[in-house]
Structures are given as structure tokens and as C-alpha cells.
Amino acid sequence: MVSETRATQPSRRNVLEDLDSRIPTNYYWYLAVLACVGGFLFGYDTANIGSALGFIPYHLSSFWTGYLVAGASLGAGAGALIAGPLTDHFGRKTLLIGDAAIYAIGALLSAFTVNAFMLLSSRTLIGLAIGADSAIATAYIAEFAPRERRGQLSIIQQWMITVGILVSYLVAVVVLLALPNNAGNLDWRLFLGVGAIPAILALALRSKMPESPRWLMLHERYADARQAFARFGTEASDEEIRAAAEQLRDRQIQQQRKTQWTKGVIRALIVVCVFFIFQQITGINIPFYYGPKILATFFQSGHNAVAAAVAGVEVTAILGAVNVIATYFAFRWIDKFGRRPLAMGGYLGMAVFMLIAAAAVAFLTDIPKTVVVMVGFSFFITSFAIGVGGTGWLLQGEVFPTSVRGRAAAIAAAVDWVANFALIEAFPAWQNAWGLAWVMVSFAVLSVVAIGFVNKFVPETKGHSVEEIVQIFEKEAETSKAPV
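As the structure is a prediction and not an experimental result, all values here were calculated from the model. Numbering of residues starts from 1 in every chain and runs along the sequence as written. Thresholds applied to this predicted model are a pLDDT of at least 70 for local features of residues and 80 or more for the giving and counting of side-chain atom pairs; totals over whole chains, interfaces and linings are not thresholded and use all residues. The side-chain values count all of the structure's non-hydrogen atoms but skip hydrogen atoms and water molecules.

Let's talk about the packing of helix 6 (residues 116-142) against helix 18 (residues 366-398)
At step 1: An axis is simply a line fitted to the C-alpha atoms; with a helix, the fit covers only the stretch in contact. Between two such axes, the angle follows the N-to-C directions and lies from 0 to 180 degrees. Here a helix means four or more residues in a row that DSSP labels H or I, a strand means two or more in a row labelled E, and each is numbered from the N terminus. As a packed pair, helix 6 and helix 18 sit with axes 8 Å apart at the nearest point and diverge in direction by 65°. The angle between the axes of helix 6 and helix 18 places the two elements in the roughly perpendicular class. Judged by the sense of rotation from one axis to the other, the crossing of helix 6 with helix 18 is right-handed. Contacts between helix 6 and helix 18 involve Ser134, Ala135, Thr138, Ala139 and Ala142 from the first element and Trp393, Gln396, Gly397 and Glu398 from the second.
At step 2: Partitioned by chemical class, the residues of the contact of helix 6 with helix 18 number four nonpolar, four polar and one charged. Orientation categories follow fixed angle ranges, with anything under 35 degrees roughly parallel, anything over 145 roughly antiparallel, 65 to 115 roughly perpendicular, and all other angles oblique. Here is the rule for handedness: rotate from the far helix to the near one, and if that takes an anticlockwise turn smaller than a right angle the crossing is left-handed, while a clockwise turn gives right-handed. A contact between two residues is defined here by any heavy atoms of the two lying within 4.5 Å. Polarity classes work like this: nonpolar for Ala, Val, Leu, Ile, Met, Phe, Trp, Tyr, Cys and Pro, charged for Asp, Glu, Lys and Arg, and polar for all others, with Gly in that last group.

Here's the deal with the packing of aromatic side chains
At step 1: Any pair of Phe, Tyr and Trp rings, taking the six-membered ring for Trp, is counted once the centres come within 6.5 Å. Such a pair is stacked with planes under 30 degrees apart, edge-to-face with planes over 60 apart, and tilted for the rest. Applying the stated criterion across every chain yields a total of 24 aromatic pairs.
At step 2: Ring centres 4.4 Å apart and planes at 65° place the aromatic pair Phe42 and Trp417 in the edge-to-face group. One end of the pair, Phe42, is in helix 3 (residues 37-52); the other, Trp417, is in helix 19 (residues 405-434), and 375 residues separate them in sequence.
At step 3: The class of Trp417 is buried, set by a relative accessible area of 1%.
At step 4: An aromatic cluster is present here, built from Tyr27, Tyr28, Tyr30, Tyr140, Phe144 and Phe232 joined pairwise through their rings. Burial classes follow relative accessibility: with a 1.4 Å probe on protein chains only, a residue under 20% of its type's maximum area counts as buried, one over 50% as exposed, and anything between as partly exposed.

Concerning the environment of Ala116
At step 1: Within the secondary structure, Ala116 is located in helix 6.
At step 2: Separated by 56 residues in the primary sequence, Ala116 and Leu60 have C-alpha atoms spaced 7.8 Å apart.

Details of the nonpolar core
At step 1: What makes a nonpolar core is a set of buried Ala, Val, Leu, Ile, Met, Phe, Trp, Tyr and Cys residues whose side-chain atoms join them at distances within 4.5 Å. Ranked by size, the top nonpolar core spans 141 residues in total, and within it Tyr103, Met217, Phe275 and Tyr347 carry the most contacts.
At step 2: Beyond its immediate stretch of four places on either side in the chain, Met217 contacts Leu16, Tyr222, Ala225, Phe229, Ile241, Ala244, Ala245, Leu248 and Arg249.
At step 3: Residues Ile334, Leu342, Ile386 and Leu394 belong to the second largest nonpolar core, which totals eight residues.

Brief notes about helix 14 (residues 263-281)
At step 1: In this model helix 14 runs 27 Å from its N-terminal to its C-terminal C-alpha over 19 residues, within 8% of the 27 Å that 1.5 Å per residue would give.
At step 2: Following helix 14 by one or two positions, Gly283 adopts a phi angle in the positive range, close to 100°. Helix span, expected: 1.5 Å multiplied by one less than the number of residues in the helix.

Some remarks on the confidence of the model for the chain
At step 1: In the predicted model, the chain carries a mean pLDDT of 87, and 91% of its residues have values of at least 70.
At step 2: The predictor attaches a confidence to each residue, called pLDDT, with possible values from 0 through 100. Segment residues 1-11 is flagged for pLDDT under 50; beyond a separation of four residues in sequence, or across chains, it makes 25 contacts in the model.

Laid out in C-alpha cells, this is it:
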């Protein structure tokens, strides 16, 4: 729990500056992973419903089938909005504990469901928990992470999503191969119910995690803040904590005189929301949702439903593994090269490789088509994972002031989930109207537009404290005639 310092600080140091300049130990990484369990559960839940869908015995209309697949994303949007004001009032830790409990209940209800209404309701409950967690996790991390490692610590959220997706596919393959005769009864329930295990584990471990020291200071809980600082390896006196808290509060008061939602905060919120929209509408979900449809015939080893399901899961498991591996490079590079270069490079790679996959869909057949589409999808996902996926979650956590961070991050997360839901729902009709190849070309064009957006509106935040980043957006808002 003890962390090293870069240099000996004077006795009257600002403890927040001390926290920002530390070298994180294993305890920091442990807390970041624990805070991002919701990311793992989102990834797991996104993938497991696809594996289970063909075996669920309830008769659902096309609308309710779509809701079963995408409803968790819609619930996540509502959960994020609800969590925002609650976490600013009750704290980050309290909400993280509650989210884990809600998800565990939702997963167990999904596994033991007795009818379609119960299953749809439990999926909505799971969505609420996932959305709330996504609004809080990176905000919590940003409030204790050292400035030189905040990117790496926050990008764990995206890495956990990718790991959750991969684990879901592996669980589905193991269960289907081990119990091939129970696919319509026990297997799909296991897919859904296994998610309760990490949720229950998170519930137990999160109860012992420290509260955000910045949140505690803002709410004048100085004794608790001193204990929290000690757990992060920063020993401080009550006098030092009060002095730093007064400086933090002075910044908040200056903002409140204008209004907490200053032009800079609004600008930051618009930038993060638009970044999240581009993150979704450039098509990252297409390889995961529709990759099996294009590629499964190459991997399929049998002709029954279980063999076809296993083949489809195997294909997406390969893409999921690519996602996990590529996210590691984002983790290594985000604090080295910065947010802007990685984001613009990521969108450029997405445009190029989606065009390659689109050309294969339009002009190739059989095995050449399969191979080229697989390569295109794999490098498309690699580009997203390195430059785009984690960068959005990182910006969401680091660009807002402490007093409104929970609410602002919640709004941004809600926009992300609603954009996710909208694309999933709209894609089938879009594909039928334009054809798959032209839809993929559209994703490439949107990726190019996203490069222009990042270049013009997303400032570099690498190496700055969260308070300094707030001031960057305030200065940009003052010199701009428009909100962005």
C-alpha cells in the first residue's frame, strides 16, 4: 500500500500535488482493476447474450428480440444518468458497491428466469448497473491516479471490457462442448449466470476499497481523507489536508460564482460526448455482432445448431483475443505518446482497414473473402483498441472538475450507451437498404470525420493534473465563440 515519491516534499506541501506526483505501486493497479470490474461485466454481458440468443426458448417479436440484445445498453444510459448526482452526493465507493450488488442480482435473475418478461427485466437491471459503473469508474481512478500514469490506470476500463468479451466467448465454447445436449435448457442459463461470480467478488472487495480522497476533502471529511491518503502511501497531517481542501474548495467556489457548469465544463462535456458518439457510429460493434455471420462458414465443423453456434463463437473469440492484445499497446502508449496522436492514428487505421474489409465483401468470394475480411476486421479492431476505445473513457474521467465530475461523466456515459443502442438497432435496416459493403464504407468515412474532430477540438491532456485540465478547457472556451 506504500508508494514511492519522486522527491522529498517540504513539510507544507500540497498533499494533492504529492498524490499527483507519486509512482504507483501494485495497490494503485489493484484499485483500478477493481473499479473497472463493471467494464468486464459489460464486455461479458454484451457477448454472452449473442451466444445464448439462439437457444433461449421464449418466443419474442423482432422488437423484443432486439431489446434482449441491445436493451442492456439502453438501461446503461439510464443507469449512468441516475448515478451521476448520486455519486457526487454519496461518494464514489458507495455507488461502486451498489452497482456490483445490482449486477449480481440481475445475472442470477437471468439465469433462473421463468418467462420472457423476467428475462427482459433482468437484462434492464443489468444495464442499469453497467451504466452506473461506467459513469463512476474512471472518475474514481482520475481522483487518485498520479498524473504521469493516469492514462494507463484509466485505460484499464477499456481493457476490462475486452477481457470480459473474450471470457464470455470462452465460457460459451466450454459449456457448449461439455454439455452439447443441454443447449436449450441449462447451457444458456450458465452463460448468463456466470456473470454473477465476478460481480459478487467485486461486491466483497469494493467494500474494503478507500473512498476518493478528493471527494472526501470536498465534503469536509478530513479524518477520512487522511486515512484515504495513508492507504495511497501519502502521510499527511490534518492541517495539510485542510489547507489542500481549502485550495480545492476555492477553485470550486470560483466556478460556482460563474455557475458550476461553466463554459469550459460545457465545452469539455460536448467534446467527450461527441468523441463517444464517434466511438460508436464508426462501427466497432459490427465485427463482433456480424463477424460470425460473414466468417462462420470457414470455421464451421458441423451442421447442427450447436456446431454452428460453436463456430460463430470461435470466430468472435479470435476477434476478441485481438481486442485484448491490442488494448495492451494502448495501455503502454497512452501516457507516452498522448491522447491526440493515438486517437487520430486509431481512427485513420479504422478507416483504412474497414475499406479493405468492405472491398472484400463487395468483390471477393469463398476463402479469399473470408481471409481478407478477417484481416480487415482484425486490424480495424486493433486500431480502435489502441487509439479510440480507451481514450474516450480516459477523457471522461479526467476533464471535469471534482464538484460536477460524477454528473458530467454520467451524462457522457449515457450518450455513449444510447449511441451504442441506436447503432445496434439501426444496423439491420441500414444494411438492408444500402448493402453491407456500402455501410462499411460509411463507417470509414465517419472515421475520417472523427480525425478532423479530434484534431480541432480535443486538447492534449497528457502530463497535466485533473485541475490543470479543467483550466485548459476554460481557456479554450474563453477564446472560442462557440461551445466547442
